[in-house]
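# Report on the structure
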Amino acid sequence: MSNVASKAYGLTILSPIREKIAQGVSGSVLTRSVIEDLKLHQHSPFAKVANTYLARLYVLNDVMFQGYPEQEDHLKSKYLVFASNFYGDLDEYLTGLWHGAQADVKQIWAHCYDFESVTDEASFLIYMKKCQLETTFFFNGSVGLGEDDISLNEQLKALYLKQEFAKFVWNNQSLSPNELKAAFIEFSHITQPNQPEPSWAPGHSDIAQG
Amino acid sequence: MSNIAGKTFAMNVITPIKGVNFYINKVIFWFANTKLASSRLGGLATLSLIHYARWVLIGKDQFPHLHPDQPKEDLHYNYMLFHSNFNGSWDQYVDSFHKAIPKGLDLLWRKNVKYPGSVPLQPFHAYINFNQIWTSHYYSAYPSAAVNDVKSAKKVKTALVALTDKVETLSDQAFKEAYDEMLIDLQHDVSVMEDTPVVSLASQAVKDRRAKYQETISMNSDKVIPIQRTANK
Amino acid sequence: MTLDINDIQGNIIKAYGHFNLPKVRYVFLKVANPDVGRAFIQALLDQDFITRAGSWSSKNPAAITTNIAFTYNGLKILGVPSASLSTFPSEFSEGMKTRRSILGDDGISSPEHWDPIWQNDENIHIWMSFNGRTTEDVINRYNDVKELIDSLDEFNGEAGVELLSGHRAANGKLQDYQEGAALEINGLPTRKEHFGFDDGISDPFFKGCGQPAAYVVGGGKPKASASDSGVDLTSPNSWAPLETGEFILGHHDEASEIPLAPIPHDLSKNGSFMVYRKLHENVKAFNDYLDNLSEDYAEGREALAAKMVGRWKNGAPLASFPTEAEATIFGDKYAAAVANLGKGANAQENIANLKVFQDLDIQLRGFNYNADIEGSSCPMGAHIRRTNPRGALEFGVEDAYQTPGALIDRRRILRRGLPYGKFERGATNDNGDHGIIFMAINASIKRQFEFVQQQWVNYGNDFKLANDRDPILGNHPTDEHTGCPMGRMIIEGSKEEKKAPFFCGNIPRFVETRGGDYFFIPSMTAVQLIANGIVDPT
């Protein structure tokens with residue numbers, strides 16, 4: 001039972017929400033409103049958190065009664081669920097979350113029990129680990145046979161290169177060897193395969209054709 | 001709400017489960033016995049539709065309890081929480097899995113209360129739908145990339161770096177030969193990525209409306225009205 | 001299993017084009033008044049116009065057939081109650097035009113460019129087809145039905161049932177029918193479409209379809225896995241019939257159940273759903289593209305065309321006949337065998353001639369891609385490989401899935417349409433009347449036709465081809481700044497032969513949507529229920 005598959009870490013955070021905020025105001029309603037309003041793609045708070053491959057937020061209202069003859073269960077609290085698949089080490093990730101998207105974090109978790117104890121990086125890590133659930137089975141479909149996940153920056157660079165090279169291939173068919181080599185050298189100067197930049201930005205969703 | 005981030009779809013399912021200890025043992029056994037696993041779930045890798053999928057067993061006492069004000073949970077069942085990130089719409093996804101790896105699905109869901117089995121399709125589809133929770137915020141670092149793109153990109157990068165490293169040392173003819181050889185190897189890795197196909201009118205309409213709406217709202221923390229917490233007894 | 005072939009409309013089970021019914025007219029009717037509409041349907045039944053699958057035998061073949069189908073709006077106006085209508089699938093109630101973004105009908109294929117008849121599609125209620133042996137047969141039945149419509153009562157000064165006009169024909173003329181016919185080349189009927197390819201070779205084989213047993217080859221679901229060696233793909237033992245429920249409602253389908261169908265069951269059982277699409281073919285653009293690109297493609301123009309389709313023009317599949325030479329040899333033998341049918345000196349010779357023909361004919365359908373996982377013979381993105389992968393989605397992994405056909409058995413469609421317009425070898429522009437009336441019949445429009453159109457024709461992820469599209473059918477994009485066509489296709493190379501892949505770029509749209517909608521084909525029982533106005537799901 002592992003939170004890690006290859007180099008990807010699967011984080012599951014269930015944070016109980018304080019419902020009674022004020023007369024006529026529920027913590028879960030407020031929390032949901034905050035997370036629904038978060039901007040998407042490259043403007044998401046998670047675009048600012050290093051090594052986040054995929055992340056999600058939702059409110060777990062309750063469990064579902066499956067019908068007679070099963071028993072009816074109800075949760076006594078609602079939970080803010082945060083699930084993230086990221087590259088690397090948990091502590092580094094949580095630190096990155098705290099420093100990269102602090103204002104958003106404070107808003108998102110504002111109505112959760114015990115979040116008032118979070119005042120700094122250290123207390124944030126403690127809080128998150130109290131909310132963490134262990135993964136029982138983790139299927140990693142992002143790696144080929146015998147391969148490992150790579151850091152997000154490397155992954156984005158790889159995708160950038162794939163896209164740019166795809167366009168290059170189409171635009172440079174039927175060239176003479178001399179022309180082709182020159183074109184490829186120019187391509188490598190522009191795209192810098194060995195360097196981290198240029199690359200795709202995290203969450204980048206506008207794909208221009210070329 | 002959105003279960004979609006570009007080409008990737010999110011799914012969350014929580015189901016009650018009996019006898020969690022027994023199940024954990026089964027899973028341990030299964031981990032140890034990779035041959036069993038690969039015959040039931042080998043198809044998952046070939047399907048190449050899932051980025052990451054996770055199953056989390058939550059014992060009835062394991063829901064986080066952080067504060068004296070928070071009531072303790074009092075549940076009859078243990079729970080299994082399933083999170084998946086995959087390509088293709090939900091309908092397309094469930095159809096593929098149910099046909100391709102029905103035994104694998106059964107292995108994972110079998111201890112769940114009222115699980116009807118992955119075959120035939122309609123009861124299985126209804127079971128997942130019934131227990132599904134929709135995502136409020138879904139983020140992908142590479143929304144334009146499907147799983148196949150993520151995997152093939154690594155291959156392309158490795159090959160390009162290798163060729164770039166030696167290009168200056170090669171004659172024109174030798175370069176062309178090396179380039180062609182690389183292309184044969186990468187012929188299924190060099191298709192251009194574009195937008196995701198529209199899988200449903202509902203999600204397209206929301207996407208269009210959001211694009212208009214997002215221009216006007218702001219996440220500036222000044223605009224959020226702080227709520228006073230009343231002291232709880 | 002045996003189906004009630006007197007309850008099922010003929011066009012579901014029989015591809016009329018293969019039954020010497022190569023001429024067709026399609027008409028679309030508006031119902032202004034439900035009483036008149038129902039009276040019309042009753043009159044069709046009284047005159048025994050509607051053709052059932054059991055309507056003729058080989059001793060007494062039909063010269064003319066007539067079939068009927070309804071849009072959601074059509075069922076509604078004819079009085080099918082909303083409690084019943086709400087149990088029809090949502091894609092059917094929305095209609096094809098509304099679902100344009102799912103189908104990729106954008107740009108030049110957008111509804112604003114469709115034939116005038118489709119501009120007020122809320123008026124499209126009833127579809128009818130008249131398939132006949134000769135044009136005269138078709139026109140006679142068309143006239144009979146037209147007379148019937150004219151004889152009906154008026155309603156508020158307007159016709160109770162109206163034959164709608166607005167189909168663009170040659171020279172831009174607008175007609176009140178859409179014509180179609182098997183293409184004639186040099187005066188002889190062929191099964192070609194306008195790009196010059198033999199079409200309609202493959203047809204799904206399902207339990208109860210009544211086709212000769214040999215047609216399970218290629219038509220049924222594949223049993224041979226990539227790991228099986230020495231399998232004879234032309235043998236019926238390598239294929240199994242598909243479940244009836246994939247094509248006819250109320251029957252066991254490939255998901256091991258009888259799927260949900262509209263209620264009451266008498267309304268839906270033995271019926272099906274039909275997709276009608278008028279697809280214009282840009283023949284000149286296709287030929288120009290081949291002319292240009294074949295200058296760079298070593299194997300030549302015919303090979304380039306074959307790589308895009310997955311078959312040579314004579315129908316030989318690339319998977320079995322990778323080179324032009326092999327395909328030509330096959331084609332010559334096949335043509336000779338066809339010519340010899342029935343021409344033997346005696347009955348024995350005729351039987352032998354028939355066998356020669358059948359052994360060749362089966363090769364058109366009896367193949368898969370297990371020996372060509374890399375796509376060196378038939379590209380992964382070729383048209384026929386996309387629309388029917390035949391187990392190729394296992395990517396050569398031994399027993400990857402429960403069955404080799406796991407990902408495709410639920411994506412098959414029956415094709416029942418015909419080309420329209422006259423064959424023009426040297427078309428000088430693309431404004432001509434050349435195309436195909438694409439008619440697909442399936443139990444679920446969304447799961448079958450729409451899935452193939454969206455995921456396999458206008459997208460490429462399942463084939464590891466990112467966003468590449470079907471070269472022939474795909475809605476290739478254009479560069480928004482330069483207007484340059486941006487379609488792409490890879491013709492795979494070969495590791496063994498050290499042959500580099502060839503990249504086809506700047507592919508324009510060869511096919512444009514010019515109209516269409518989604519229809520429900522009821523059983524005879526259901527047609528009677530609708531005519532009586534007594535559908536009631538209470």
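Residues numbered from 1 in each chain as written. Chains lettered and ligands numbered in written order. Predicted model: local features only at pLDDT ≥ 70, side-chain atom pairs only at ≥ 80, totals over all residues. Heavy atoms only, no water.

## Observations concerning the overall build of chain C
Our working definition: Secondary structure elements follow DSSP: runs of H or I no shorter than four residues count as helices, runs of E no shorter than two count as strands, and numbering proceeds from the N terminus. Each residue gets one of three labels from its accessible area relative to the maximum for its type: buried under 20%, exposed over 50%, partly exposed in between, using a 1.4 Å probe on protein chains only. We call two residues contacting when some pair of their heavy atoms lies within 4.5 Å. For every accessible area listed, the method is Shrake-Rupley and the probe measures 1.4 Å; residues are considered covered only by the protein chains on display. His residues and chain termini do not enter the charge count, which takes Lys and Arg as positive and Asp and Glu as negative. Note on charges: their place is set at NZ of Lys, CZ of Arg, CG of Asp or CD of Glu.
The helix and strand tally for chain C stands at 16 helices and 20 strands. When its C-alpha atoms are laid out on the principal axes, chain C stretches across 75 × 60 × 50 Å. Relative to its full complement of 538 residues, chain C shows a buried share of 60%. For chain C, the proportion of contacts with a sequence separation of at least 24, taken over those separated by at least 6, is 70%. As displayed, chain C offers around 20700 Å² of accessible surface, 49% of which is attributable to carbon and sulfur atoms. Distance between charge centroids for chain C: 2 Å, based on 53 positive and 71 negative side chains.

## Side note on the overall build of chain B
Looking only at helices and strands, one finds eight helices and six strands in chain B. Mapped from its N terminus to its C terminus, chain B presents α and β elements in the order β-β-α-α-β-β-α-α-α-β-β-α-α-α. Burial analysis of chain B (233 residues in total) assigns 58% to the buried set. Looking at chain B alone, contacts between residues at least 24 apart form 76% of all its contacts between residues at least 6 apart. By element, 56% of the accessible surface of chain B is carried by carbon and sulfur atoms, the whole surface being about 9900 Å².

## Here's the deal with unusual backbone geometry
Here Glu197(A) and Pro198(A) are connected by a cis peptide whose omega angle stands at -5 degrees. Structurally, the position occupied by Pro198(A) is in the segment after helix H6 (177-191). A cis amide bond, omega 0 degrees, links Val119(B) with the succeeding residue Pro120(B). Turning to its location among the elements, Pro120(B) is positioned in the loop between helix H4 (102-109) and helix H5 (121-130). The residue Ala466(C) is not glycine, and still its phi comes out positive at about 45 degrees. You will see that Lys498(C), though not glycine, has its phi angle at about 50 degrees, which is positive. Structurally, Lys498(C) is set in the loop between strand E18 (487-491) and strand E19 (502-507).

## A short note on the pairing of strand E3 (residues 50-58) of chain B
Definition in use: For two strands to be treated as a pair, DSSP must find no fewer than two bridges joining them.
Burial within E3(B) is extensive, with nine of its nine residues counted as buried. Inspection of the sheet shows strand E8 (residues 137-140) of chain A paired to E3(B) by four bridges, in the antiparallel sense. Bridge pairing in E3(B) links Phe139(A) to Ala53(B). Of the strand pairs in this sheet, E3(B) and strand E4 (residues 78-87) of chain B are connected by eight bridges, and their pairing is antiparallel. Along E4(B), the bridge assignment pairs Ala53(B) with Ser84(B).

## Details of the packing of aromatic side chains
The test is simple: Between rings of Phe, Tyr and Trp, where Trp is taken as its six-membered ring, a pair exists when centres lie within 6.5 Å; planes separated by under 30 degrees are stacked, by over 60 edge-to-face, and by other angles tilted. For a Lys NZ or an Arg CZ to count as sitting over a ring, it must be within 6 Å of the ring centre and within 35 degrees of the ring normal.
According to the stated counting rule, one finds 60 aromatic pairs over all chains in the structure shown. Their ring planes at 35 degrees and their centres at 6.0 Å tell us that Phe184(A) and Phe187(A) sit as a pair that is tilted. Remark: Phe187(A) and Phe184(A) occur in helix H6; sequence separation between them is three residues, near one turn of the helix. One exposure class covers both Phe184(A) and Phe187(A), and it is buried. Between Tyr115(B) and Tyr127(B), the ring centres sit 5.7 Å apart and the planes meet at 70 degrees, which makes this aromatic pair edge-to-face. Remark: Tyr127(B) occurs in helix H5 and Tyr115(B) occurs in the loop between H4 and H5; sequence separation between them is 12 residues. For the pair Tyr115(B) and Tyr127(B), one class covers both residues: buried. Site record: aromatic cluster; members linked through ring pairs are Phe165(A), Phe168(A), Phe184(A), Phe187(A), Phe175(B) and Tyr179(B). Directly above the aromatic system of Tyr420(C) lies the positively charged group of Lys278(C), at a separation of 4.9 Å from the ring centroid.

## Here we look at the interface of chain C and chain A
Spelled out, the test is: Accessible area that two parts lose when put together, evaluated with a 1.4 Å probe and summed over both, is termed the buried area. By definition here, a salt bridge exists when the distance from a side-chain nitrogen of Lys or Arg to a carboxyl oxygen of Asp or Glu is within 4 Å. Under this definition, polar contacts are N or O atom pairs within 3.5 Å; protein pairs additionally need one hydrogen-donor-capable and one acceptor-capable atom, and for neighbouring residues in sequence, both atoms have to be side-chain atoms.
Contact residues are listed per partner, giving 13 residues for chain C and seven residues for chain A. Counting the surface lost from both chain C and chain A, the interface buries some 830 Å², and carbon and sulfur atoms represent 55% of this. Contact with chain A buries surface across chain C, with Met486(C), Arg488(C) and Phe503(C) losing the most and accounting together for 58% of the total. Where chain C packs against chain A, one counts zero salt bridges. Along the contact surface separating chain C from chain A lie two residue pairs in polar contact (both at pLDDT 80 or more).

## Thoughts on the packing of helix H5 (residues 152-171) of chain A against helix H6 (residues 147-166) of chain B
Stated precisely, the cut-off is as follows: Under this scheme, a helix contributes an axis fitted over its contacting stretch, all axes are lines through C-alpha atoms, and angles between N-to-C directions fall in the 0 to 180 degree range. Here the angle decides the label: under 35 degrees means roughly parallel, over 145 means roughly antiparallel, 65 to 115 means roughly perpendicular, and every other value means oblique.
Where H5(A) contacts H6(B), the axes come no closer than 8 Å and their chain directions differ by 80 degrees. One way to sum up the angle between H5(A) and H6(B) is to call them roughly perpendicular. Across the interface between the two elements, Glu154(A), Gln155(A), Lys157(A), Ala158(A), Leu159(A), Leu161(A), Lys162(A) and Phe165(A) from H5(A) touch Asp149(B), Val150(B), Ser152(B), Ala153(B), Lys154(B), Val156(B), Lys157(B) and Leu160(B) from H6(B).

## A short note on the interface of chain A and chain B
Listed as interface residues are 114 residues of chain A and, on the opposing side, 110 residues of chain B. When the buried area of chain A at its contact with chain B is split by residue, Arg56(A), Phe137(A) and Lys162(A) rank highest and sum to 9% of it. Connecting chain A to chain B are three salt bridges. Asp172(B) is the salt-bridge partner of Lys181(A), the closest N and O atoms lying 3.9 Å from each other. In this assembly, chain A and chain B are joined by 47 residue pairs in polar contact (both at pLDDT 80 or more). A per-element tally of the side of chain A that touches chain B places H5(A) first, with 16 residues.

## Here we look at helix H7 (residues 172-186) of chain B
Every α-helical turn comprises 3.6 residues, leaving residues that sit three or four positions apart pointing alike. Rule in force here: Helices are assigned an expected span. That span is 1.5 Å times one less than the residue count.
Taking 1.5 Å as the rise per residue, H7(B) with 15 residues should run 21 Å; its terminal C-alpha atoms sit 21 Å apart, in good agreement. Within H7(B), the full set of buried residues consists of Phe175(B), Ala178(B), Tyr179(B), Met182(B), Leu183(B), Ile184(B) and Leu186(B). Elements that come into contact with the buried residues of H7(B) comprise H5 and H6 of chain A, H6 of chain B together with E19 of chain C.

## Here's the deal with the confidence of the model for chain C
We count it as follows: Here pLDDT means the predictor's own confidence in every residue, given as a number from 0 to 100.
Averaged over chain C, the pLDDT score is 95; the fraction of residues at 70 or greater is 100%. Overall fold confidence (pTM) sits at 0.95, and the ipTM for the predicted complex is 0.96.

## Overview of the packing of helix H2 (residues 90-100) of chain A against helix H4 (residues 121-131) of chain A
All names here are of chain A. Selection rule: Two helices cross in a left-handed way if the nearer one is turned anticlockwise from the farther one by less than a right angle. They cross in a right-handed way if the turn is clockwise. Any residue outside Ala, Val, Leu, Ile, Met, Phe, Trp, Tyr, Cys, Pro, Asp, Glu, Lys and Arg is labelled polar, Gly included; the first ten of those are nonpolar and the last four are charged.
For the pair H2 and H4, the least separation of the axes is 10 Å and the interaxial angle reads 120 degrees. On the basis of their axis angle, the class for H2 and H4 is oblique. In this structure, the crossing between H2 and H4 has a hand that is right-handed. Of H4, the residues touching H2 (which contributes Leu90, Asp91, Leu94, Thr95, Leu97, Trp98 and His99) are Glu121, Phe124, Leu125, Met128 and Lys129. For the contact of H2 with H4, the residue count by class is seven nonpolar, two polar and three charged.

## Structural notes on the pairing of strand E2 (residues 64-70) of chain C
Remark: a regular strand shows side chains that alternate across the two faces of the sheet. Residue and element names in this part refer to chain C. Here E2 lies mainly inside the structure; six of its seven residues are buried. Alignment of E2 against strand E3 (residues 126-132), held across seven bridges, turns out to be antiparallel. Bridge pairing links Asn67 to Ser129 in E3.

## Here we look at helix H10 (residues 283-294) of chain C
Residue and element names in this part refer to chain C. With 12 residues, H10 should cover 16 Å at 1.5 Å per step; its first-to-last C-alpha distance of 16 Å lies within 8% of that length. Regarding H10, the residues found buried are Val283, Ala285, Phe286, Asn287, Tyr289, Leu290, Leu293 and Ser294. Lining the buried residues of H10 we find strand E14 (272-281), helix H11 (301-309) and E19.

## Here's the deal with a nonpolar patch on the surface
Residue and element names in this part refer to chain C. We count it as follows: Two joining distances apply to patches: 9 Å for like charges and 5 Å for nonpolar side chains (Val, Leu, Ile, Met, Phe, Trp, Tyr), and every residue must have over 30% relative accessible area and no salt bridge.
On the surface, Val338, Leu341 and Leu354 cluster together into a nonpolar patch covering about 200 Å² of accessible area. Inspection of the secondary structure puts Leu354 in helix H13 (residues 347-361). Taking the relative accessible area as the measure of exposure, Leu354 reaches 38% and is therefore partly exposed.

## So, the pattern of salt bridges
All names here are of chain C. Taken as a whole and assessed by the stated rule, the structure comprises 49 salt bridges over all chains. Where Arg509 meets Asp106, a salt bridge forms, and the shortest distance between an N and an O atom there is 2.5 Å. Taken together, the residues span a long stretch of sequence, with Arg509 in the loop between E19 and strand E20 (511-521) and Asp106 in the loop between helix H6 (100-103) and E3 at a distance of 403 residues. With a relative accessible area of 15%, Arg509 lands in the buried category. Take Asp106: its relative accessible area is 36%, and that puts it in the partly exposed class. Residue Asp288 is joined to Lys284 by a salt bridge in which the shortest nitrogen-to-oxygen separation is 2.6 Å.

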